[in-house]
Amino acid sequence: MKLLGSIFGDAAARLPLQDWPLERIHKLPHTTSVMGELATLDEQPTASDRRRFLRSLLLDAQERDRLAAELPEGCWCFGRGGSGPRAVMVPGQDVPMVLTAYCGCAIGDARRILDGDVRERGRAYAQEIQLLGIWEGARVPERFNDCSFETFPATSATQLVVAEIMDWLDSAAWALVLLGEFGVGKTGLAISALRDAAERRHPGLFVKTPDLLARIRATYGKGSEVSEQDVLESLRTVDYLVLDDVGAEHATDWATSMLFQVLDDRHDHQRKTILTTNLDITGLGLHMGERTLHRFKEGAVFLTVDGPNLRGNAG
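All values derive from a computational prediction rather than experimental measurement. (Residues numbered from 1 in each chain as written. Predicted model: local features only at pLDDT ≥ 70, side-chain atom pairs only at ≥ 80, totals over all residues. Heavy atoms only, no water.)

A. Structural context of the sheet that holds strand β8 (residues 272-277). An order of β6-β7-β8-β5-β9 is seen for the five strands of this open sheet, with the pairing classed as parallel. Pairing within the sheet leaves two strands with one partner each, and these edge strands are β6 (204-208) and β9 (300-304). When the angles between neighbouring strand axes are averaged without regard to direction, this sheet yields 15°. Relative to strand β7 (residues 240-246), β6 is paired through five bridges, and the arrangement is parallel. Its bridge partner being in β7, K208 is matched across the sheet by D244. Set on the sheet, helix α8 (residues 209-218) makes contact with β6 and β7; between it and β7 the angle comes to about 100°. (Pairing = 2+ DSSP bridges. Helix = DSSP H or I, 4+ residues; strand = E, 2+ residues; numbered from the N terminus. Axes fitted to C-alpha atoms, helices over the stretch in contact; angles between N-to-C directions. Contact = heavy atoms within 4.5 Å.)

Encoded structure:
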């Protein structure tokens, strides 16, 4: 009776087994092995600390056995539904937990269904965050931030162009040149294509050509932390690049050389590139140089954007 009295005397300090993590329950040893070690320690009066520990452990193991006897056949989850909890990030303040392994009991089956819904919410949220990061990385000017093919002001003149741009996005052609007068929506269409690419998880970059050349010139200044090659490399390697307003910059041999380096590399690696310009094809060739224009004649699509002046809407 001394053993039983010691066991039940420690009960008030115990955490009920149903409040334990499942992994801790599974680590409990067999009841018989605990009882066997206790029996050997009865002959060792100096092992009082070990005896106290084993008596508490025996109480836990016996409770585990009682709970296990009530479980359906094949159930190992002790009402948890499974094991291996991990957090899932979803919108809001809550951080729900899902399991990595599921018991075959009814609780496990129900938990698997509930966790599937949580995982789907987590995947959608992760995609939303990823898309936001991709879109912010494109550096689209704020006034064009909502541009898309759905929001672009549709006219009879631009509907066909939109369809052709969408065809280009799915084609093997590496470059797209949007030609047209000031304000007909070339920039808006280029950014809409960039958004479509972002939604397909392709990083892109929007650059106004005069700003690009100014950024390269700034690298030549004393104390600049960015080199010319750093700027050019970012343009060469991004999946989708929009060079907006080509021809607005002052034409010099240096400017022509900078653009050729970028476009020649993108042509060689067949990376999607969009140019917008107010020039016609002849003027573009004179401005960029025949060598650069030749790269566009190899697998590029030229589209003329006609229609009313949309400046103040799509750009």
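B. How the structure looks around the packing of helix α6 (residues 156-169) against helix α7 (residues 186-199). Two elements in contact, α6 and α7, have axes whose closest approach is 11 Å; the angle formed by their N-to-C orientations is 40°. As far as their axial angle goes, α7 and α6 are oblique. As α6 runs across α7, the sense of the crossing is right-handed. For the pair formed by α6 and α7, the contact residues are V161, V162, I165 and L169 on the first element and L189, A193 and D196 on the second. (Parallel < 35°, antiparallel > 145°, perpendicular 65-115°, else oblique. Left-handed = near helix turned anticlockwise from the far one by under 90°.)

C. Summary view of empty space enclosed by the protein. Scanning all chains against the criterion turns up one cavity of 30 Å³ or more. A volume near 50 Å³ is recorded for the largest cavity. Forming the boundary of the largest cavity are E249, H250, A251, T252, A255, T256, L259, H287 and M288. Of all the elements in the fold, those that place two or more residues in the lining of the largest cavity are α10 (253-268) and α11 (281-288). Take the lining of the largest cavity: its biggest share by element is three residues, from α10. (1 Å grid on protein atoms, 1.4 Å probe; cavity = no way out; pocket = protein on both sides within 12 Å on 5 of 7 lines; lining within 4 Å. Points joined across faces, edges and corners; volume = space filled by probe spheres on them.)

D. Representation of the nonpolar core within the structure. Of all hydrophobic cores here, the largest spans 27 residues; its most connected members are L212, L241, L243, L275 and F296. Secondary-structure elements contributing two or more residues to this core are β5 (175-179), β6, α8, α9 (228-237), β7, α10, α11 and α12 (290-297). Broken down by element, the residue count for this core peaks at five residues, all from α10. With near-sequence residues (within four places) excluded, L243 lies in contact with V207, T209, L212, L259, L263, I274, L275 and T276. (Core = buried A, V, L, I, M, F, W, Y, C linked by side-chain atoms within 4.5 Å. Buried < 20%, exposed > 50% of the residue type's maximum accessible area, 1.4 Å probe, protein only.)

E. Spatial organisation of the pattern of salt bridges. In this structure the tally under the stated criterion is 11 salt bridges. For the salt bridge of D170 with R200, the shortest nitrogen-to-oxygen distance reads 2.6 Å. One end of the pair, D170, is in the loop between α6 and β5; the other, R200, is in the loop between α7 and β6, with 30 residues separating them in the sequence. We classify R200 as partly exposed; its relative accessible area is 36%. Three or more residues joined by partner-sharing salt bridges are found here, namely D170, D196 and R200. (Salt bridge = Lys/Arg side-chain N within 4 Å of Asp/Glu carboxyl O.)

F. A look at α6. Relative to the 20 Å expected for 14 residues at 1.5 Å per residue, α6 spans 21 Å between its end C-alpha atoms, a close match to the ideal helical length. Residues of α6 that are buried include every one of T158, V161, V162, I165, W168 and L169, and no others. Projected onto a plane normal to the axis of α6, the buried residues spread over an arc of 120° and lie on a single side. Facing away from the buried side of α6, by more than 90 degrees, are the exposed residues S156, L160 and D167. Those residues of α6 hidden inside the fold are in contact with β5, α7, β7, β8 and β9. (Expected span 1.5 Å × (residues − 1). Arc of directions from axis to C-beta.)

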